[in-house]
Amino acid sequence: MIVIAHLSDTHIDSEPRSIERTRAVMRYLEDLPYDLDAVLVTGDITDHGLPSEYEQARRLFSSRHPMMLCPGNHDRRDTFRTHLLEQAASTAPVNQVHRGAGVVIAMCDSSVPGKDEGFVSDETLTWLEDVLAETPESTPVLVGFHHPPARLHVPFIDGIRQFGAERLGALADRHANLAAFLCGHAHTAAVTAFAGRPVLVAHGVVSTLRLPWEHRAHAQDHVHLDHPPALAFHIVDETGQLTTHFRHVGV
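Values in this document were obtained by computation on a predicted structure and should not be read as measured data. (Residues numbered from 1 in each chain as written. Predicted model: local features only at pLDDT ≥ 70, side-chain atom pairs only at ≥ 80, totals over all residues. Heavy atoms only, no water.)

Colleague: Now, about the environment of V112: what can you tell me, with residues and values included?
Modeller: Relative to the elements of secondary structure, V112 occurs in the loop between β5 (104–107) and β6 (118–119). As for V112 and G72, which are separated by 40 residues in sequence, their C-alpha atoms are 8.5 Å apart. What V112 contacts, discounting residues up to four positions off in sequence, is E117, G118 and F119. (Helix = DSSP H or I, 4+ residues; strand = E, 2+ residues; numbered from the N terminus. Contact = heavy atoms within 4.5 Å.)

Written as structure tokens, this is what we have:
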């Protein structure tokens with residue numbers, strides 16, 4: 001049984017609140033009596049893309065479990081690389097692959113520098129197609145990125161979702177081993193479908209989205225700040241079936 005933890009939208013800044021909420025989630029994962037196959041963080045690692053924020057994130061994400069991270073719209077590719085991944089500076093898309101026993105995880109960059117909405121570049125799509133082609137058809141591939149490729153029926157989020165997703169859908173049609181899409185951005189746990197695959201949206205660690213039918217103090221009151229942080233666990237069993245559980249974590 002493969003178990004993958006999935007968190008998103010930590011928005012680490014200089015304030016204790018974001019740091020403590022992220023620390024609480026990581027402490028929970030470190031205390032588990034089980035070695036996870038991977039921990040995924042699907043973007044908006046930091047709030048402003050500052051070197052100091054990434055250095056704080058690197059300390060918080062130090063883990064006994066394998067960690068995989070991708071950028072979101074609040075991140076900066078150059079500082080993400082140099083201060084979080086400790087790689088050479090570059091503004092090219094940040095794409096990473098993890099080949100585990102029985103599953104492959106492809107973390108793609110859906111960020112568009114200077115914009116809140118997402119778009120998977122041709123460079124990233126070509127990279128992803130190569131990952132899928134190099135993976136045996138019997139091995140499921142989980143594709144992670146920040147921006148949901150489908151509407152979640154929340155106008156604020158749908159206006160800054162991933163656009164141009166029909167290209168991603170065409171790629172999925174060519175590769176039956178693409179099992180699911182994992183993302184964040186919405187600050188709410190959600191499940192929908194795209195290209196015949198599940199889209200599994202992780203909760204926001206730093207805050208929780210107010211849904212359109214929930215009370216708000218004013219038009220820009222988009223998030224609950226008092227809800228606890230949460231994460232998802234994705235399980236891939238011996239038959240390749242995917243199951244997801246959601247957990248809240250006390251701060």
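Colleague: I'd like a description of the packing of helix α4 (residues 122–133) against helix α6 (residues 165–174), backed by residues and values.
Modeller: Helix-helix packing is characterised by the crossing angle of the two axes and by the distance between the axes. At a minimum axis separation of 11 Å, α4 and α6 run at an interaxial angle of 15°. Our classification of the angle between α4 and α6 gives roughly parallel. In this structure, the crossing between α4 and α6 has a hand that is right-handed. Where α4 approaches α6, its residues D122, L125, L128, E129 and L132 are matched on the opposing element by R167, L168, L171 and R174. For the contact of α4 with α6, a count of residues per class yields five nonpolar, no polar and four charged. (Axes fitted to C-alpha atoms, helices over the stretch in contact; angles between N-to-C directions. Parallel < 35°, antiparallel > 145°, perpendicular 65-115°, else oblique. Left-handed = near helix turned anticlockwise from the far one by under 90°. Nonpolar A, V, L, I, M, F, W, Y, C, P; charged D, E, K, R; others polar.)

Colleague: Break down the sheet that holds strand β15 (residues 242–248) for me, citing the residues and quoting the values.
Modeller: Strand pairing in a sheet relies on backbone hydrogen bonds, with the paired strands running either antiparallel or parallel. The five strands are arranged β3-β2-β1-β14-β15 in an open sheet whose pairing can be described as mixed. Only two strands of the sheet have a single neighbouring strand rather than two, namely β3 (67–70) and β15. With strand direction ignored, the average angle separating the axes of adjacent strands in the sheet is 20°. Here four bridges tie strand β2 (residues 38–42) to β3, and the two strands are oriented parallel to one another. Residue pairing for β3: V41 is matched across the bridge by L69. Packed on one face of the sheet, helix α1 (residues 16–30) meets β1 (2–7), β2, β3, β14 (230–236) and β15 and runs near 35° to β14. (Pairing = 2+ DSSP bridges.)

Colleague: Pulling in residues and values, what's your account of α4?
Modeller: For α4, spanning twelve residues, the distance from its first C-alpha to its last is 16 Å, which sits close to the expected 16 Å at 1.5 Å a residue. T124, L125, L128, V131 and L132 are the residues of α4 that are buried. Viewed end-on, α4 has its buried residues packed into an arc of 120°, placing them on one side of the element. In α4, the exposed residues that point more than 90 degrees away from the buried face are D122 and A133. (Expected span 1.5 Å × (residues − 1). Buried < 20%, exposed > 50% of the residue type's maximum accessible area, 1.4 Å probe, protein only. Arc of directions from axis to C-beta.)

Colleague: Would you mind going over the pattern of salt bridges in detail, with residue names and values included?
Modeller: A complete count under the given rule lists nine salt bridges for this structure. Note that R64 is salt-bridged to D35, the shortest N-O span being 2.4 Å. One end of the pair, R64, is in the loop between α2 (51–60) and β3; the other, D35, is in the loop between α1 and β2, and 29 residues separate them in sequence. Take R64: its relative accessible area is 38%, and that puts it in the partly exposed class. D35 gets classed as exposed once you look at its relative accessible area, which sits at 59%. Salt-bridge contacts for D109 lead to R77; the nearest nitrogen and oxygen are separated by 2.9 Å. Of this pair, D109 sits in the loop between β5 and β6 while R77 is found in helix α3 (residues 77–85), placing the two residues 32 residues apart along the sequence. (Salt bridge = Lys/Arg side-chain N within 4 Å of Asp/Glu carboxyl O.)

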